[in-house]
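# What the coordinates show
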Amino acid sequence: MIRLFHLRRFRNAYVIRGGLVWVAVRLTAAFARIPSPNMIQEAFILGVVVAAVLLDARRRNEDLFLGNLGIPPGAIVLHALPLALLLEMVVP
Amino acid sequence: MTSTPPLLEVDGIGKAFGASVVLKSAGLQAWPGHITALMGRNGIGKTTLLRIVVGKVRLDYGRIVYQGRFVARPSLARFARAGMMYVSQESALTSLFTVRQHLEAYVAILERQDALEGIVERFRLGTILDQKPFDLSGGEKQRVSLALALIRQPQCLLADEPFAGVAPKDRPLIAAALRELRGAGAAIVITGHDVDDLFEASDEIVWMVSGTTHVLGSPAEAARHHQFRREYLGPRGVIGA
């Protein structure tokens with residue numbers, strides 16, 4: 001996991017992608033008339049963020065590149081989640 | 001095959017996608033200092049077998065043993081930490097990086113600064129260093145992927161169709177890189193259709209047909225295999241085998 005910290009470009013990309021997907025999911029939720037989700041809905045939103053970032057990483061072949069360096073997909077989740085989690089806690 | 005035990009042993013692998021059975025009982029072995037070529041028609045399951053080995057596709061049944069240990073849940077990252085590298089058909093590159101950044105990431109993480117300059121020159125990467133993978137041809141991607149493999153110096157390399165889309169003038173580069181890794185003791189498995197290149201590069205031919213694999217022996221022995229000649233090589237046979 002530590003190795004991903006050496007790849008600043010990847011690290012930043014996953015943090016930003018996590019935030020962007022969160023914004024997209026929350027906008028969709030707002031359109032679906034769920035302006036302030038309950039705890040279960042919040043967990044679901046974070047799950048969608050993780051799944052979307054992982055799928056995007058696979059589409060871009062990043063999982064293979066990182067895998068060959070011994071970095072598991074869990075490291076991607078670890079970087080994509082914090083900003084989304086923070087936004088979820090701060091934004092009502 | 002050799003006196004040393006195989007580094008990678010894959011046995012009795014089965015995989016179906018819905019009603020479509022792709023692999024029934026496929027297997028392969030990779031020995032240190034040895035190149036095994038997995039050959040077979042398009043869509044027969046060669047790529048699926050390699051993807052199963054590195055954990056990108058879940059197997060239905062079968063056995064994978066790496067470095068003498070049974071692997072219950074294959075994972076590329078775990079294998080990579082134990083010296084394996086996988087180069088897929090689409091190469092080992094990501095759209096996020098330029099060629100230079102790929103090389104620099106490998107050099108930095110693997111602490112192989114000494115290797116960079118020689119490899120750039122050898123693989124004629126100087127003109128494409130600032131390009132991203134989507135600007136590269138299939139052959140250029142394979143050249144960069146094998147350059148990364150030479151920096152990585154894996155104990156086991158699984159390369160899916162390393163000669164696919166490579167211009168004739170660049171094929172010797174790919175073959176030389178594979179030979180160099182073999183010389184360094186790597187256990188290598190390659191797949192493909194280019195009979196001449198695969199026969200020249202490999203020590204052993206494994207033929208995949210109807211979801212099962214058959215070890216045919218050396219390229220010369222494979223060229224004499226009646227059924228392989230008739231069903232795969234066709235009337236042309238093999239030149240120079």
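This one's a predicted model, so the numbers in the text were calculated from it and none came from an experiment.

## Comments concerning the overall build of chain A
Along chain A, the regular secondary structure elements total 4 helices and 0 strands. Listing every helix and strand of chain A by position from the N terminus yields α-α-α-α. By principal-axis analysis of the C-alpha atoms, chain A measures approximately 45 × 25 × 20 Å. Across the 92 residues in chain A, those meeting the buried criterion constitute 34%. Within chain A, counting contacts between residues at least 6 apart in sequence, those at least 24 apart form 73% of the total.

## Some points on the overall build of chain B
When you go through chain B residue by residue, the secondary structure sums to 9 helices and 10 strands. Over its C-alpha atoms, taken along the principal directions, chain B stretches across nearly 45 × 40 × 40 Å. Sorting the 241 residues of chain B into buried and exposed places 45% on the buried side. Of the contacts formed within chain B by residues at least 6 apart in sequence, a portion of 68% connects residues at least 24 apart.

## Let's talk about helix α3 (residues 99-110) of chain B
Residues and elements named next belong to chain B. In this model α3 runs 17 Å from its N-terminal to its C-terminal C-alpha over 12 residues, within 8% of the 16 Å that 1.5 Å per residue would give. All buried positions along α3 are accounted for by Val99, His102, Leu103, Ala105 and Tyr106. Looking down the long axis of α3, one finds its buried residues gathered within 160° of arc, a one-sided arrangement. Buried positions along α3 lie against α4 (116-122) and α5 (138-152). In the segment just after α3, glutamate 111 is the residue with positive phi, at about 55°.

## Quick look at the interface of chain A and chain B
Counting residues at the interface gives 17 residues for chain A and 17 residues for chain B. With 5 residues, helix α3 (residues 62-68) of chain A is the single largest residue contributor to the side of chain A that touches chain B. Split by residue class, the side of chain A that touches chain B holds 8 nonpolar, 5 polar and 4 charged.

## Some points on unusual backbone geometry
One non-glycine residue, asparagine 61 of chain A, lies in positive phi territory at about 70°. Structurally, asparagine 61 of chain A is set in the loop between α2 (39-59) and α3. A positive phi is found at glutamine 67 of chain B, a non-glycine position, where the angle reads about 55°. The topology assignment puts glutamine 67 of chain B in the loop between β4 (61-66) and β5 (69-70).

## Focus on the packing of α2 of chain A against helix α4 (residues 73-90) of chain A
Residue and element names in this part refer to chain A. As a packed pair, α2 and α4 sit with axes 9 Å apart at the nearest point and diverge in direction by 140°. Put simply, α2 runs oblique to α4. The way α2 lies across α4 gives a crossing that is right-handed. Contact with α2, carried on its side by Glu42, Ile45, Leu46, Val49, Val50, Val53, Leu54 and Ala57, involves Pro73, Ile76, Val77, Ala80, Leu81, Ala84, Leu85 and Glu88 of α4 and no other residues of that element. Considered class by class, the residues forming the contact of α2 with α4 number 14 nonpolar, no polar and 2 charged.

## Comments concerning the environment of glutamate 140 of chain B
Mapped onto the fold, glutamate 140 of chain B is located in helix α5. When the C-alpha positions of glutamate 140 of chain B and alanine 167 of chain B are compared, they lie 8.9 Å apart, and in sequence the two are 27 residues distant.

## Focus on the packing of α3 of chain B against α5 of chain B
All names here are of chain B. For the pair α3 and α5, the least separation of the axes is 10 Å and the interaxial angle reads 15°. Taken as axis vectors, α3 and α5 run roughly parallel relative to one another. At the point where α3 passes α5, the crossing takes the right-handed sense. Across the interface between the two elements, Val99, His102, Leu103, Tyr106, Val107 and Leu110 from α3 touch Val144, Ala147, Leu148, Ile151 and Arg152 from α5.

## Brief notes about helix α6 (residues 171-183) of chain B
Residue and element names in this part refer to chain B. The end-to-end C-alpha separation of α6 is 18 Å, in line with the 18 Å expected for 13 residues at 1.5 Å each. Among the residues making up α6, those that are buried are Ile174, Ala175, Ala177, Leu178 and Leu181. The arc that holds every buried residue of α6, seen down its axis, measures 160°, which confines them to one face. Tucked inside the fold, the buried residues of α6 contact β3 (34-39), α5, β7 (156-159), β8 (187-192) and α7 (195-201).

## Here's the deal with the pairing of strand β6 (residues 84-87) of chain B
All names here are of chain B. Both faces of β6 are covered, namely the face carrying Met84 and Tyr86 and the face carrying Met85 and Val87. The pairing of β6 with β7 spans 4 bridges and is parallel. In the strand pairing of β7, methionine 85 is matched with leucine 157.

## Re the pairing of strand β1 (residues 8-17) of chain B
All names here are of chain B. Two strands pair when backbone bridges link them, and β1 and strand β2 (residues 20-30) are joined in this way by 7 bridges, in the antiparallel orientation. Looking at the pairing, leucine 8 lines up with alanine 30 of β2. Here β1 folds back onto β2 in antiparallel fashion, the turn holding 2 residues, of which glycine 18 has a positive phi close to 65°. Sheet analysis places β1 next to β4, joined by 5 bridges and oriented antiparallel. Along β4, the bridge assignment pairs leucine 8 with tyrosine 66.

Basis of the calculations
Residues numbered from 1 in each chain as written. Chains lettered and ligands numbered in written order. Predicted model: local features only at pLDDT ≥ 70, side-chain atom pairs only at ≥ 80, totals over all residues. Helix = DSSP H or I, 4+ residues; strand = E, 2+ residues; numbered from the N terminus. Buried ≥ 20, exposed ≤ 12 C-beta atoms within 10 Å, placed from the backbone. Contact = placed C-beta atoms within 7 Å. Expected span 1.5 Å × (residues − 1). Arc of directions from axis to C-beta. Nonpolar A, V, L, I, M, F, W, Y, C, P; charged D, E, K, R; others polar. Axes fitted to C-alpha atoms, helices over the stretch in contact; angles between N-to-C directions. Parallel < 35°, antiparallel > 145°, perpendicular 65-115°, else oblique. Left-handed = near helix turned anticlockwise from the far one by under 90°. Pairing = 2+ DSSP bridges.

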